[in-house]
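Overview (structure and organization)
Given next are the chains, with one letter for each unit.
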Amino acid sequence: KNCSVIISLFFGYIVAAASTYTDPSGNELSYVDGAKIAAAPWFSFPWMTTFPLGFYPPAFIPILVGFVVSAIESMGDVTASCEASKIPSKGRDAESRIQGGLLADGVNSIVAVFMTTAPNTTFSQNNGVIALTRCASRAAGLACAAWLCVLGMFAKFAGVIASIPDAVLGGMTIFLFANVVVSGISILSMAGINLRRNRFILAVSLGVGLGVTVVPDFANGGGITAFGGGNLNHNIGLIPGRDICKVFPTVEVETAASKCEFKSKDDGDDVTERGWSKKTCKDVGGDFTERKTELKEDKDCVGQNGFCCLVYDDTTKMWRDT
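Small disclaimer: the values here were computed from a predicted structure and weren't measured. (Residues numbered from 1 in each chain as written. Predicted model: local features only at pLDDT ≥ 70, side-chain atom pairs only at ≥ 80, totals over all residues. Heavy atoms only, no water.)

**Concerning the confidence of the model for the protein chain**
Where the model shows low pLDDT, its predicted coordinates should not be examined in detail. Confidence in the prediction for the protein chain averages 78 pLDDT; 91% of positions are at 70 or higher. Taken element by element, the protein chain is modelled with least confidence in helix α10 (residues 229-235), mean pLDDT 69, and with most confidence in strand β7 (residues 287-289), mean pLDDT 86. (pLDDT = per-residue confidence, 0-100. Helix = DSSP H or I, 4+ residues; strand = E, 2+ residues; numbered from the N terminus.)

So, in structure tokens, the structure goes:
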């Protein structure tokens, strides 16, 4: 029972590896992409690829908001772990577990960024694993962490994990996240969902959370528009992109059209024609004047689909991204 999750994942992987599908071109392909395994080296280490340390001001507030949200999520995850583990989810012991979880998140994220990877947070689906396997032992968690550290150095193993088809991984995570929802409902029932205050908090949380998930670009000018969305986001929206741009791209604008001046063969009058080519003007024996142009800033982003700012103001961009 303790290995039911990994056994089911392994079984799904074997079935996917033995199955094939036909793409639109008529080629028969396997669900498991062996190219990722072949491309992965046998051994790797976090510091084999390094990046220079730096600070990007526009990302400060958005990352800070992300960490606050991550901390709130971690509090819920630890509480759900207590509920799935059949231990008290209220009281001093539960609060101590939450504090430890938040501290571990902070320390792990600091270590992660120095190892050139993204900050981390608690995984909600682990609560589903606890509910399914009935194993809530800390020793199991420490053993899992040790195996991840060791196997993480063997890139071939990472290639195998990366080659798991979305259908197999999705089928597993759907069930695990469904267990997370059940744990959340259980916690809500213990908190007293019939209280007006709790119902209001739950309604706002569900409304905002589900709303952003369904329409993630709600604050952009183009909304979910695929074509021309970048242009719309530059010109309209909550904070138009043009309002935070310091250096716009330049475009060549015609200030005066080319012209050809010549005398009419019929009556000898002076004639001026605009837009003629140099060759046409020469054919009639006229004097040709080249068109005049100048460079102007393109602030409207016409036809550029949003890629119309060379340098953004870091401070205002930070607030717009937030």
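**As for the packing of helix α3 (residues 60-84) against helix α12 (residues 314-321)**
Interaxial distance between α3 and α12 falls to 7 Å at its minimum, and their mutual angle equals 30 degrees. In terms of orientation, α3 lies roughly parallel with respect to α12. Side by side, α3 and α12 meet where F60, I61 and P62 of the first sit next to M318, W319 and D321 of the second. (Axes fitted to C-alpha atoms, helices over the stretch in contact; angles between N-to-C directions. Parallel < 35°, antiparallel > 145°, perpendicular 65-115°, else oblique. Contact = heavy atoms within 4.5 Å.)

**Thoughts on the environment of A39**
Examined against the element boundaries, A39 turns out to sit in helix α2 (residues 34-39). When its relative accessible area of 67% is taken as the criterion, A39 is described as exposed. Separated by 15 residues in the primary sequence, A39 and G54 have C-alpha atoms spaced 30 Å apart. (Buried < 20%, exposed > 50% of the residue type's maximum accessible area, 1.4 Å probe, protein only.)

**Points about the state of the cysteines**
Working definition: the covalent bond between the sulfur atoms of two cysteines is a disulfide. Overall, the coordinates contain two disulfides when judged by the stated rule. Covalently, C245 is tied to C309 through a disulfide, its sulfur atoms 2.1 Å apart. Between C245 and C309 the sulfur-sulfur dihedral comes to about 100 degrees; the bridge is accordingly right-handed. Placement of the pair is C245 in strand β3 (residues 245-247) and C309 in the loop between β8 (292-297) and β9 (311-312), with a sequence separation of 64 residues. When its relative accessible area of 12% is taken as the criterion, C245 is described as buried. A disulfide bridge connects C260 with C281, and the sulfur atoms are separated by 2.0 Å. (Disulfide = S-S within 2.5 Å.)

**Overview of helix α4 (residues 92-114)**
Taking 1.5 Å per residue as the helical rise, α4 with its 23 residues ought to reach 33 Å, and the 33 Å between its terminal C-alpha atoms agrees with that figure. For α4, the full list of buried residues reads A94, I98, G101, D105, S109 and A112. In this structure, the buried side of α4 is in contact with α3. (Expected span 1.5 Å × (residues − 1).)

**Comments concerning the packing of aromatic side chains**
In this structure the tally under the stated criterion is one aromatic pair. With a centroid separation of 5.5 Å and 20 degrees between ring planes, the pair formed by F262 and W276 is classed as stacked. Here F262 is found in strand β5 (residues 259-263), whereas its partner W276 is found in the loop between β6 (270-274) and α11 (278-283), with 14 residues between them in sequence. What makes W276 partly exposed here is its relative accessible area of 26%. Looking at K156, its charged tip hangs above the ring of W42, at a distance of 5.3 Å from the centre. Here K317 stacks its cationic end above the ring of Y312, 5.8 Å away from the centre of that ring. (Phe/Tyr/Trp six-rings, centres within 6.5 Å; stacked < 30°, edge-to-face > 60°. Lys NZ or Arg CZ within 6 Å of the ring centre and 35° of its normal.)

**Remarks on the sheet that holds β5**
With antiparallel pairing, the three strands of this open sheet are ordered in space as β6-β5-β7. Of all the strands in the sheet, just β6 and β7 have a single pairing partner and so form its edges. Ignoring strand direction, the axes of neighbouring strands in this sheet form an average angle of 20 degrees. (Pairing = 2+ DSSP bridges.)

**Comments concerning the layout of surface pockets**
Of the pockets and cavities examined, the second largest pocket occupies roughly 1,200 Å³. Around the second largest pocket sit 31 residues that line it, and I72, G76, G184, I187 and L188 are the ones nearest its centre. For the lining of the second largest pocket, the elements supplying multiple residues, two or more each, are α3, α4, α8 (166-191) and α9 (196-214). Of the residues contributing to the lining of the second largest pocket, the split by class is 17 nonpolar, 10 polar and four charged. (1 Å grid on protein atoms, 1.4 Å probe; cavity = no way out; pocket = protein on both sides within 12 Å on 5 of 7 lines; lining within 4 Å. Points joined across faces, edges and corners; volume = space filled by probe spheres on them. Nonpolar A, V, L, I, M, F, W, Y, C, P; charged D, E, K, R; others polar.)

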